[in-house]
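Spelled out, the chains give:
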Amino acid sequence: MFEHVAPYAGDPIFRVAAQYQADPREKKVNLTIGLYFEDDGSVPLLACTQIAEQRWAEQKQPRVYLSMEGLESYRNATQQLVFGADHEAYLSQRIATIQTLGGTGALKVGGDLLHEAYPTSQMWISDPAWDNHHSIFGGCGITTNKYRYFDPQTQAVDFTGMMADLDTLPEYSFVLLHPCCHNPTGADLSVEQWDELIVLLQQKKLIPFLDMAYQGFGQGLDEDAYAIRAMASAGLEFLVANSFSKNFSYYAERCGALSVVCKDKAAAELTLGKLKAWVRKIYSNPPVHGGAAIAMVLTDDELYQSWVNDVAAMRARIHTMRQAVHQQLAQLAPHYDADYMIKQQGMFSYTGLSLEQILRLREEFGVYMLDSGRISIPGLTTENVEYYAQSLAAVV
């Protein structure tokens, strides 16, 4: 029935991860998939979510359908976490938020709504980008393009090129942005650059769509949301997708949210209705289990503090691994500029390695990273970080 349809080539991240799994060598390093690992190589199950799950299970509530927009407690707590409980946009109720199937689901619903409202507008995505961004918005019927973002020479944001590209866009173009921990480069805008970008977005009447999958993994829970809160304070109308997969280590529960910042409460109520209409067309209702647990954690003082401590510990471990690689490469390969390890932040870094070097790392040393040279920092541990540095030094 579908022989005429082009076959799916597979996701490049999972393809390389499968190669790692099939590698019989005992000494090997997996820096491919975007999972947070503890130093012992395990994926953590946070104590706060275990307690919340138990408390919720003890309530013995019937498993009826949730509303299309999801749990009210979850949505309200998400708004406070993302925008701040004292932010004017939150207090004036001009944010429309729905519970979604992970951050990916939020991007999909937001993309469908944008395409309905502005059918001729196109989406502009950073170069490089998470490949799935193009697939998701392309699946919504939106034409996607690239804007300059990363300078391989400086291994930092090409802010001049980025601003020049965005300055040429027609009104109501969509611009995909990462508020923190850019995937795949780990290179983020400074506060001053965000402030300058916000002025351009406003002047050009562009529609920002912010994708925040790693809140708390950069500088902190509040610091990482700076761009979102600054845009709301500036009066922009925009979309925000956020995910709890990483910072709650809750990948399989598919917990995310889509928020739309509107001009006033009436506009937010209208927008919420449109979001519900699109949810109904796609999956009708979100699941309850993970959302109920997260809502409980975010609204219980003791559980919330436990979670904040967990996020801080994960962020600190990532930072420690970055410092360790940087220090070792300074000794092992002083000719190689590894400053990107400490300048970039979050789960990912762009190494700047050539494909030839990347393939050598896989074949000769069992060190697996993506063909782009992106590495997932939590794949490094105190046990393998020295081996990784030695392997990298051998190919640069």
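The structure we're discussing is the one just above.
Right, let's walk through the structure included here.

The next subject is the environment of isoleucine 125. With respect to the helices and strands, isoleucine 125 occurs in strand S3 (residues 123-127). Residues isoleucine 125 and arginine 148 lie 23 residues apart in sequence; the distance between their C-alpha atoms is 8.8 Å. The residues touching isoleucine 125, leaving out its near neighbours within four places in the chain, are His133, His134, Phe137, Thr144, Asn145, Lys146, Tyr147 and Leu176.

Let us look at the side chain of asparagine 247. With respect to the helices and strands, asparagine 247 occurs in the loop between strand S9 (238-243) and strand S10 (255-261). Within polar-contact distance, the side chain of asparagine 247 engages the backbone oxygen of glutamine 215 at 3.1 Å. In this structure asparagine 247 touches Leu46, Gln215, Phe217, Trp307, Val311 and Met314, once residues within four positions along its chain are discounted.

Further remarks concern the nonpolar core. Proteins that are soluble and globular tend to have nonpolar side chains buried together. Residues Leu177, Leu197, Phe238 and Trp307 are the most contacted members of the largest nonpolar core, which totals 100 residues. Looking at which element gives the most residues to this core, the answer is helix H12 (residues 301-332), with nine residues. Discounting chain neighbours no more than four positions away, the residues touching tryptophan 307 are Leu46, Cys48, Leu81, Leu221, Asn247, Phe248, Val297 and Leu298. Ranked by size, the runner-up nonpolar core spans 30 residues in total, among them Met123, Phe137, Ala241 and Ala267.

Across the junction of aspartate 127 and proline 128, the peptide omega takes the value 5°, indicating a cis bond. Along the chain, proline 128 falls in the loop between S3 and helix H6 (131-139). For the bond running from asparagine 183 to proline 184, omega is 25°, close enough to zero to count as cis. One non-glycine residue, serine 249, lies in the positive phi region at around 50°.

So, about helix H2 (residues 47-58). Here H2 spans 17 Å end to end across twelve residues, near enough to the 16 Å set by a 1.5 Å rise per residue. Taken as a whole, H2 has its buried residues at Cys48, Thr49, Ala52 and Trp56. The buried residues of H2 occupy an angular sector of 90° when the element is viewed end-on, so they sit on one face. Packing partners of the buried residues in H2 comprise helix H11 (289-299) and H12. One or two residues past the end of H2 sits lysine 60, with phi positive at roughly 50°.

We now examine the sheet that holds S9. Backbone hydrogen bonds hold the strands of a sheet together, and the pairing may be parallel or antiparallel. Across the sheet, seven strands lie side by side as S2-S10-S9-S8-S7-S3-S4; this open sheet has mixed pairing. With partners counted over all chains shown, the strands left at the sheet margins are strand S2 (95-101) and strand S4 (144-148), one partner each. Strand-to-strand twist in this sheet, taken as the mean axis angle between neighbours without regard to direction, amounts to 25°. Both strand S8 (residues 207-212) and S9 contribute to a ladder of four bridges, which runs parallel. Residue methionine 212 lies in a different strand from S9, and its bridge partner there is asparagine 242.

A complete count under the given rule lists twelve salt bridges for this structure. We note a salt bridge from lysine 108 to aspartate 112, for which the minimum N-O separation is 3.2 Å. Of this pair, lysine 108 and aspartate 112 both sit in helix H5 (residues 102-117), separated by four residues, roughly a single helical turn. Bridged by salt links that share partners, the residues Arg15, Arg362 and Asp371 form one connected network.

Below, the discussion takes up the environment of valine 311. Relative to the assigned elements, valine 311 resides in helix H12. The sequence separation of valine 311 and serine 249 amounts to 62 residues, and the corresponding C-alpha distance is 9.6 Å. With residues near it in sequence (within four places) discarded, valine 311 still touches Gln215, Gly216, Phe217, Leu221 and Asn247.

Further remarks concern the packing of aromatic side chains. A complete count under the given rule lists 13 aromatic pairs for this structure. Between phenylalanine 150 and tyrosine 350, the aromatic rings sit 5.3 Å apart at their centres with planes inclined by 80°, giving edge-to-face as the arrangement. With phenylalanine 150 in strand S5 (residues 150-151) and tyrosine 350 in strand S11 (residues 348-350), this residue pair connects regions lying 200 residues apart in the sequence. A relative accessible area of 13% places tyrosine 350 in the buried class. An aromatic cluster is present here, built from Tyr74, Phe244, Phe248, Tyr250, Tyr304 and Trp307 joined pairwise through their rings. Above the plane of the ring of tyrosine 20 lies lysine 28, whose end atom (NZ or CZ) is 4.4 Å from the centre. A cation over an aromatic ring shows up here: lysine 281 above the ring of tryptophan 278, its NZ or CZ 4.0 Å from the ring centre.

Calculation notes
Residues numbered from 1 in each chain as written. Predicted model: local features only at pLDDT ≥ 70, side-chain atom pairs only at ≥ 80, totals over all residues. Heavy atoms only, no water. Helix = DSSP H or I, 4+ residues; strand = E, 2+ residues; numbered from the N terminus. Contact = heavy atoms within 4.5 Å. Polar contact = N/O pair within 3.5 Å; in protein donor to acceptor, adjacent residues only side chain to side chain. Core = buried A, V, L, I, M, F, W, Y, C linked by side-chain atoms within 4.5 Å. Buried < 20%, exposed > 50% of the residue type's maximum accessible area, 1.4 Å probe, protein only. Expected span 1.5 Å × (residues − 1). Arc of directions from axis to C-beta. Pairing = 2+ DSSP bridges. Axes fitted to C-alpha atoms, helices over the stretch in contact; angles between N-to-C directions. Salt bridge = Lys/Arg side-chain N within 4 Å of Asp/Glu carboxyl O. Phe/Tyr/Trp six-rings, centres within 6.5 Å; stacked < 30°, edge-to-face > 60°. Lys NZ or Arg CZ within 6 Å of the ring centre and 35° of its normal.

In short, shape yes, function no, at least from these values alone.
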